[in-house]
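# Breakdown of the fold
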Amino acid sequence: MRLKYPANIKIVRVPCTGKVDILHILRSFEKGADGVYVVGCLEGDCHHHSGNLRARKRVEQSQKILEAIGIGGNRVQMYNLSSSEGARFARIAGEMVDKIIKLGPNPIKKAKQATGASGC
Amino acid sequence: MIVADKKPIEEIIEEVKDKHTIFIVGCNECVTVCEAGGKKEVGILASALRIYFLKEGKEVKIDEMTLQRQCDHEYLEEIRNVIDKYDAVVSLACGVGVQFMAEKYHSIPVYPGVNTCFMGVTEKRGLWAERCQGCGQCILAHTGGICPISRCAKRILNGPCGGSSNGHCEIRKELDCGWQLIIDRLKALGRLDEYEKIYPIKNWSFERSGGPRQVVRKDVQE
């Protein structure tokens, strides 16, 4: 298909989205990520029964935490698609990047730059 | 186990926002099982606080540790050599652990990271329910193993009251009537004669009404 998607996305492969924990999402922001999205299988199609449903709950919980600490819950998003939907994968990547560009960079980046700390 | 619920992070931030070094201490027992204050929750709170302080442009050192228990001297001793390095401790243990930590290390302010709720069971993951109020005089032997003190909203000993309707309590329609449960259970056990007995007035001095309680066991004391 040779589809293109934005190059500023870092893909972290996991065996199942059920492996994704709130802590993984928070650590990404701690290290300077501007946004995180979790791409799981279609709901009802999880090979491990409910991994993607668990991931959705964890994403929602992460959104609440990030909202509470002033980072913005809308920087985290869950998507569900099947492995045959390459075109949709590329479209979602573009959609997410556009959304994050509108939101601006992770607020902690500015603070880190101001204090001269490294790690982003 | 003692069941606790997570405190809103805004509330914790409000308590520690002026601190420079914070120690977040979890507990490996009850609060781990009810997913409120175990190692994972300590990690999540620590990460969230780090993000918050970084966003605010403040340099705050946040360390984390999870003890086996916070209600015993021997485990709390494990942090004796490090605790003086911190301005504040956020304990994710139940109220017992928070208080014991504060008693033991009184020069460091200790803040609770959870709301301690009750003694209860895991009915299913994410649903914990009260089963015991620690009244100090257990009567479960006569009530089919169902406690009227914790399962009845009015804590009555000769129930049910007039608010019981179709097996549910008047205070919340989805709540089972504790006394209906007791009657059903005694019937199933063929022990309804127990239900016919009138309970005398309970001596509440063994409960909280008698002030803070102690259990003294000279046989195991050193």
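Coordinates for the structure precede this section.
Below is a summary of the structure that appears in this document. (Residues numbered from 1 in each chain as written. Chains lettered and ligands numbered in written order. Predicted model: local features only at pLDDT ≥ 70, side-chain atom pairs only at ≥ 80, totals over all residues. Heavy atoms only, no water.)

### Things to note about the overall build of chain B
To keep things clear, this is the line we draw: In DSSP terms, a helix is any run of H or I states spanning at least four residues, a strand is any run of E spanning at least two, and both are numbered starting from the N terminus. As a reference, a globule follows 2.2 Å times the number of residues to the power 0.38, and the radius of gyration itself is taken over C-alpha atoms. Whether a residue is buried, partly exposed or exposed follows from its accessible area with a 1.4 Å probe, protein chains only, as a fraction of its type maximum: under 20%, in between, or over 50%, in that order. The Shrake-Rupley method, run with a 1.4 Å probe, gives the accessible areas here. Residue values count only the displayed protein chains as cover. Residues scored as charged are limited to Lys and Arg (positive) and Asp and Glu (negative), so that His and the chain ends carry no count. One atom stands in for each charge, and that atom is NZ of Lys, CZ of Arg, CG of Asp or CD of Glu.
The secondary structure content of chain B amounts to eight helices and seven strands. Taking 17 Å as the expected radius of gyration for a compact globule of 222 residues, we find that chain B reaches 22 Å, considerably beyond that expectation. Along the first, second and third principal axes, the C-alpha set of chain B runs to 65 × 45 × 25 Å. Counting over 222 residues, chain B shows a buried share of 40%. For chain B, the accessible area works out to roughly 12,500 Å², and carbon and sulfur atoms hold 51% of it. Charge separation in chain B, taken as the distance between the mean sites of 31 positive and 32 negative side-chain charges, equals 3 Å.

### A few points about helix H1 (residues 9-16) of chain B
Rules: Each direction from the helix axis to a C-beta atom contributes to the arc, which is the arc of those directions.
Residues of H1(B) that are buried include every one of Ile9(B), Ile12(B), Ile13(B) and Val16(B), and no others. Each buried residue of H1(B) sits inside an arc of 100° when the element is viewed along its axis, so together they form one side.

### Some thoughts on helix H4 (residues 107-115) of chain A
Residue and element names in this part refer to chain A. Those residues of H4 that fall on the buried side of the exposure criterion are Ile108, Ala111 and Lys112. Summarising the axial view, the buried residues of H4 lie within an arc of 100°, below the 170-degree limit, and thus occupy one face. Turned more than 90 degrees off the buried face of H4, the exposed positions are Lys110, Gln113 and Ala114.

### Notes on the interface of chain A and chain B
This is how the line gets drawn: What makes two residues a contact is simply this: any of their non-hydrogen atoms within 4.5 Å. Using a 1.4 Å probe, buried area is obtained as the accessible area two parts lose upon being combined, added over both of them. Polar contact is defined as a pair of N or O atoms within 3.5 Å, subject to the rule that within protein one atom must be able to donate a hydrogen and the other to accept it, and that residues adjacent in sequence are counted only when both atoms are side-chain atoms.
Each side of the interface is counted separately: chain A has 18 residues, and chain B has 15 residues. With both sides pooled, the region where chain A packs onto chain B buries about 1,500 Å², and carbon together with sulfur makes up 69% of that total. At the surface where chain A touches chain B, the tally comes to four residue pairs in polar contact (both at pLDDT 80 or more). Looking at the side of chain A that touches chain B, the elements with two or more residues in it are helix H1 (22-30), helix H2 (51-68) and H4 of chain A. Here the side of chain A that touches chain B takes six residues from H1(A), the largest share from any one element.

### Let's talk about the side chain of Thr143(B)
All names here are of chain B. Tracing the backbone through its elements, the reader meets threonine 143 in the loop between strand E7 (127-132) and helix H6 (148-151). Here the side chain of threonine 143 touches isoleucine 146 through a polar contact of 2.7 Å, landing on its backbone oxygen. In this structure threonine 143 touches Pro148, Ile182, Leu186 and Tyr199, once residues within four positions along its chain are discounted.

### Some points on the pattern of salt bridges
Residue and element names in this part refer to chain B. What counts here: When a carboxyl oxygen of Asp or Glu lies within 4 Å of a side-chain nitrogen of Lys or Arg, that pair is called a salt bridge.
In total, this model carries 23 salt bridges over all chains according to the counting rule given. Note that arginine 69 is salt-bridged to glutamate 29, the shortest N-O span being 3.2 Å. Taken together, the residues span a long stretch of sequence, with arginine 69 in the loop between strand E3 (61-67) and helix H4 (73-76) and glutamate 29 in the loop between strand E2 (21-27) and helix H2 (30-33) at a distance of 40 residues. Between arginine 69 and aspartate 72 there is a salt bridge, and its shortest N-O distance comes to 2.7 Å. Looking at aspartate 72, the relative accessible area reads 26%, which means it is partly exposed.

### Some words on the sheet that holds E3(B)
Residues and elements named next belong to chain B. Convention followed: Being paired, for any two strands, means DSSP has found at least two bridges between them. Angles shown run from 0 to 180 degrees and are taken between the N-to-C directions of axes, each axis being a line fitted to C-alpha atoms and, for helices, limited to the stretch in contact.
One open sheet holds the four strands; their spatial order is E3-E2-E4-E5, and the pairing between them is parallel. The outermost strands of the open sheet, each flanked by one partner alone, are E3 and strand E5 (110-112). Strand-to-strand, the axes of this sheet are offset by a mean angle of 25°, without reference to chain direction. Judged from the four bridges that link them, E2 and strand E4 (residues 88-91) form a sheet pairing that is parallel. From the neighbouring strand, phenylalanine 23 faces E4, where its bridge partner is valine 89.

### Things to note about the packing of aromatic side chains
All names here are of chain B. Short version of the rule: Between the rings of Phe, Tyr and Trp (Trp by its six-membered ring), a pair exists once the centres lie within 6.5 Å; its type follows the angle of the planes, with under 30 degrees stacked, over 60 edge-to-face, and the other angles tilted. Distance and angle both matter: a charge sits over a ring if NZ of Lys or CZ of Arg is within 6 Å of the ring centre and within 35 degrees of the ring normal.
As enumerated under the stated definition, the model contains five aromatic pairs over all chains in all. Taking 5.2 Å as the distance between ring centres and 70° as the angle between the ring planes, the aromatic pair formed by tyrosine 52 and phenylalanine 53 counts as edge-to-face. Taking relative accessible area as the criterion, tyrosine 52 reaches 12% and is therefore assigned buried. We classify phenylalanine 53 as buried; its relative accessible area is 1%. Taking NZ or CZ as reference, lysine 202 lies 5.5 Å from the ring centre of tryptophan 204, over its face.

### A short note on the sheet that holds E7(B)
All names here are of chain B. Pairing within the open sheet is antiparallel, and its three strands lie in the order E1-E6-E7. The open sheet has two edge strands, strand E1 (2-6) and E7, and neither has a second partner. Direction aside, the axes of adjacent strands within the sheet are offset by 75° on average.

### Focus on the pairing of strand E1 (residues 36-40) of chain A
Residues and elements named next belong to chain A. Cut-off, in case you're wondering: Throughout, right-handed denotes a crossover for which the path from the first strand over the helix to the second runs clockwise when the strands point away from the viewer.
Burial of E1 is extensive: four of the five residues sit out of reach of the surface. Where E1 lies against strand E2 (residues 76-80), five bridges are found, and the strand directions are parallel. What sits directly across from tyrosine 37, in E2, is glutamine 77. Handedness of the crossover joining E1 and E2 through H2 is recorded here as right-handed.

### Quick word on the environment of Phe118(B)
Residues and elements named next belong to chain B. By the element assignment, phenylalanine 118 lies in strand E6 (residues 114-124). We classify phenylalanine 118 as partly exposed; its relative accessible area is 21%. When the C-alpha positions of phenylalanine 118 and glycine 145 are compared, they lie 18 Å apart, and in sequence the two are 27 residues distant. Those residues within four positions of phenylalanine 118 in sequence are excluded, and the remaining contacts are Met1, Ile2, Val3, Trp128, Ala129 and Glu130.

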